[in-house]
Amino acid sequence: MPSFQGALIGCGFFAVNQMHAWQDVDGAEIVAICDRDPERLRIVGDQFGIARRYSDAAQMMADGGFDFVDIATTVNSHRALVEMAASHRLPVICQKPFAPTLADAKAMVAACAAAGVPLMIHENFRWQTPIQAVRKALDAAQIGTPFWGRFSFRSGYDVFSGQPYLAEGARFIIEDLGIHTLDIARYILGDVTALTARTKRVNPAIKGEDVATILLDHETGATSVVDVSYATKASVEPFPETLIELDGTEGSLRLMQGYRLEITNAAGTEIHDVQPTLLPWASRPWHNIQESVLAIQQHWTERLASGAETSTSGADNLKTFALVEAAYESAATLQPVTIGPLI
Ligand code: NAD
Ligand code: 89V
């Protein structure tokens, strides 16, 4: 495989995982970094030995000397930076959430399409080892055709100390975390035609909603529930595990806390250990997410070499982002929302 050189923008909390993962990716490396905050630029530059450091993304892209851009900033800067990369004909990865609005996300997809460059959203949760194991069980027809599902993430973990901005926005759990869970629901049960959502704010110290329950109609006819909470006090904290229940025509599947996958069908019940690998640079409980960062960045690199579309391309992720917008609309109006007209 050719070796691609990349430039990363945004050297904050999560970018450190991306930088570690780039060091492990076969076929790509980061040669330049950018952050408006000189201290973050220095910390990440020194930690990963990157000499080319910029405070201004426009200057970095004007200087060039790399094959792709990896945007690890928070959502409000995504559109301007993706459009800047497209104007330089640079393939681009953009962190989730895609954009502040669906209209921005569509404009970003259009800009990259017009420039003829790939856009991948860093929607890594579908790349987690346990989620891939569920996908493989379905592909192997182990439970037949699924007709019902539940995708659940319920936690009391303090995400605000590492990511203080999560407490400040008018939108919280659907935009930040539910977006991953909705993407997993699409990845496992297919695209969604309509949804109904209810939200709550339990934690008085934050601005947005920290509990959401979403009922999804899938194109296949399957029904699923996505339920997410950061207000759940459990005896054993499950962060950051997504738990899955699926019922199919030939059996059922349960992805349980502790990364245990139980599959029941006419042959009996099998139990699989689907723990993520603890990479040398990773730490519990984040290792599940950290491993998926390496997986998605390896996938990007392979698709950049082959020219094929990525699993979470901009076009694909519009369909996940539309579910986020629809969930907020449904929660506000208490009405079901049809997805087709949004996309
Ligand atoms: P952060 O605030 O810690 O870091 C963002 C950095 O970007 C900051 O250092 C800031 O100075 C810099 N920045 C912002 N705008 C810039 C610009 N225009 N030019 C240069 N630098 C700029 O945020 P974070 O917690 O690292 O989150 C970043 C993104 O990653 C968010 O969109 C978040 O939702 C996402 N995230 C994803 C996952 C995942 O599993 N995929 C996990 C956590 C966070
Ligand atoms: O994955 C994420 O997007 C993170 C967290 C797991 C804390 O929700 O923001």
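Residues numbered from 1 in each chain as written. Chains lettered and ligands numbered in written order. Predicted model: local features only at pLDDT ≥ 70, side-chain atom pairs only at ≥ 80, totals over all residues. Heavy atoms only, no water.

A. Structural detail: the site of ligand 1. As a structural note, the neighbourhood of ligand 1 is formed by 26 residues, with Phe-14, Asp-35, Lys-96, Asn-124 and Tyr-165 the closest of them. The separation between a nitrogen atom of ligand 1 and a polar side-chain atom of Asn-124 is 2.7 Å. In the environment of ligand 1, an oxygen atom lies 2.7 Å from a nitrogen or oxygen atom belonging to the side chain of Tyr-165. About the coverage of ligand 1: the protein hides 87% of its 850 Å² of free accessible area. Looking at side-chain class alone, the shell around ligand 1 contains nine nonpolar, 11 polar and six charged residues. (Near = heavy atom within 4 Å. Polar contact = N/O pair within 3.5 Å; in protein donor to acceptor, adjacent residues only side chain to side chain. Areas by Shrake-Rupley, 256 points an atom, 1.4 Å probe, with all protein chains shown as cover. Nonpolar A, V, L, I, M, F, W, Y, C, P; charged D, E, K, R; others polar.)

B. Molecular detail of the domain arrangement of the chain. One can read the domain layout of the chain as domain 1 (4-117) and domain 2 (126-288 + 320-342). Computed over C-alpha atoms only, the centres of domain 1 and domain 2 are separated by 27 Å. Taken together, the contact pairs 15 residues of domain 1 with 14 residues of domain 2. Surface buried jointly by domain 1 and domain 2 totals about 1200 Å² across both partners, of which 70% is contributed by carbon and sulfur atoms. It is Phe-13, Lys-96 and Leu-102 that lose the most area in domain 1 upon contact with domain 2, and together they represent 43% of the buried surface on that side. Along the contact surface separating domain 1 from domain 2 lie one salt bridge. Seen at the junction of domain 1 and domain 2, the total is three residue pairs in polar contact (both at pLDDT 80 or more). Put simply, the parts of the chain that give the side of domain 1 that touches domain 2 at least two residues each are helix H1 (15-24) and helix H5 (102-115). For the side of domain 1 that touches domain 2, the leading source of residues is H1, giving four residues. (Domains from an automatic or database assignment. Contact = heavy atoms within 4.5 Å. Buried area = accessible area lost by both parts, 1.4 Å probe. Salt bridge = Lys/Arg side-chain N within 4 Å of Asp/Glu carboxyl O. Helix = DSSP H or I, 4+ residues; strand = E, 2+ residues; numbered from the N terminus.)

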